[in-house]
Amino acid sequence: MHEKMKDSARRSLEAVLALRPGEKFLAITDDAKGPIGQAFRDAALELGCPAELYMIDPAARPLTSLPLDLTEKIGPANVVVNCFEAFAEETPF
């Protein structure tokens, strides 16, 4: 299953988000959507991009503000994909 998700993620990164080799990629995910975030991260790595996966701490939810460590990761990223379960009471980002 991971290979199919990774192939779909790669196609999305190339065709929709125009991710190019060398661009910095960040996938933000949580326990519920972790495999999706991992597929995007792995696809970005295969495309020749430095890629990170940020796991939202379940104990910190709902997020009322962005965690400082996440803010620091978003800044230098060229492409960011959110793959996490939404909570209505969370801050939008």
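Quick look at the structure, then.

**A word on the pattern of salt bridges**
- By the definition in use, this model includes seven salt bridges.
- Taking the shortest distance from any N to any O, the salt bridge between Arg-61 and Asp-30 comes out at 2.7 Å. Here the residue Arg-61 occupies a position in the loop between β2 (51–55) and α3 (68–74), and Asp-30 occupies one in the loop between β1 (25–29) and α2 (34–46), the gap between them amounting to 31 residues. Summarising the burial analysis for this pair, Arg-61 and Asp-30 share the class buried.

**Considering the pairing of strand β3 (residues 79–83)**
- Burial along β3 is one-sided: the residues Val-79, Val-81 and Cys-83 are buried and none of Val-80 and Asn-82 is.
- Strand direction decides the pairing type here: β1 and β3, joined by five bridges, are parallel. Residue pairing for β3: Thr-29 is matched across the bridge by Cys-83.

**Focus on the state of the cysteines**
- Enumeration according to the criterion identifies zero disulfides in this entry.
- Between Cys-49, a cysteine without a disulfide, and Cys-83, which holds the nearest cysteine sulfur, the sulfur-to-sulfur distance is 15 Å.
- With a relative accessible area of 3%, Cys-49 lands in the buried category.

Conventions we followed
Residues numbered from 1 in each chain as written. Predicted model: local features only at pLDDT ≥ 70, side-chain atom pairs only at ≥ 80, totals over all residues. Heavy atoms only, no water. Salt bridge = Lys/Arg side-chain N within 4 Å of Asp/Glu carboxyl O. Helix = DSSP H or I, 4+ residues; strand = E, 2+ residues; numbered from the N terminus. Buried < 20%, exposed > 50% of the residue type's maximum accessible area, 1.4 Å probe, protein only. Pairing = 2+ DSSP bridges. Disulfide = S-S within 2.5 Å.

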